[in-house]
Amino acid sequence: MAEGNTNTSGGGNTGLAFIVGGLLVVVVIIAFFVFGRGMMPGESRDIDVDVNLPKVEAPSVPTPPST
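Conventions and cut-offs
Residues numbered from 1 in each chain as written. Predicted model: local features only at pLDDT ≥ 70, side-chain atom pairs only at ≥ 80, totals over all residues. Heavy atoms only, no water. Helix = DSSP H or I, 4+ residues; strand = E, 2+ residues; numbered from the N terminus. Buried < 20%, exposed > 50% of the residue type's maximum accessible area, 1.4 Å probe, protein only. Areas by Shrake-Rupley, 256 points an atom, 1.4 Å probe, with all protein chains shown as cover. Patch = residues over 30% accessible without salt bridge, like charges linked within 9 Å, V, L, I, M, F, W, Y side chains within 5 Å. Salt bridge = Lys/Arg side-chain N within 4 Å of Asp/Glu carboxyl O.

> Can you help me understand the overall build of the protein chain in this one?
When you go through the protein chain residue by residue, the secondary structure sums to one helix and zero strands. The buried share of the protein chain, taken over its 67 residues, is 1%. As presented, the protein chain carries roughly 7300 Å² of accessible surface, and 63% of it is formed by carbon and sulfur atoms.

The structure is reproduced here in structure tokens:
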């Protein structure tokens, strides 16, 4: 008969859990700086756009020849 500890449940993925947790923390920090600008005050921008386009007209339709 087999002797010794035959308890094989749990504990095998502890290292993997720390790696996944660490990656999650890194992603949260990156998202904070990308989407929240890292708590830096936003620059105020004055955007004034003036678009002047020429008037577009359809080409004239030729008259059909008289019969």
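> I'm lost on a nonpolar patch on the surface in this one. Help?
Nonpolar side chains collect at one region of the surface, where Leu-16, Ile-19, Val-20 and Leu-23 lie side by side and expose about 400 Å² of accessible area between them. Position of Val-20 among the secondary structure elements: in helix α1 (residues 14-36).

Interpretation in functional terms is not warranted from these geometric data alone.
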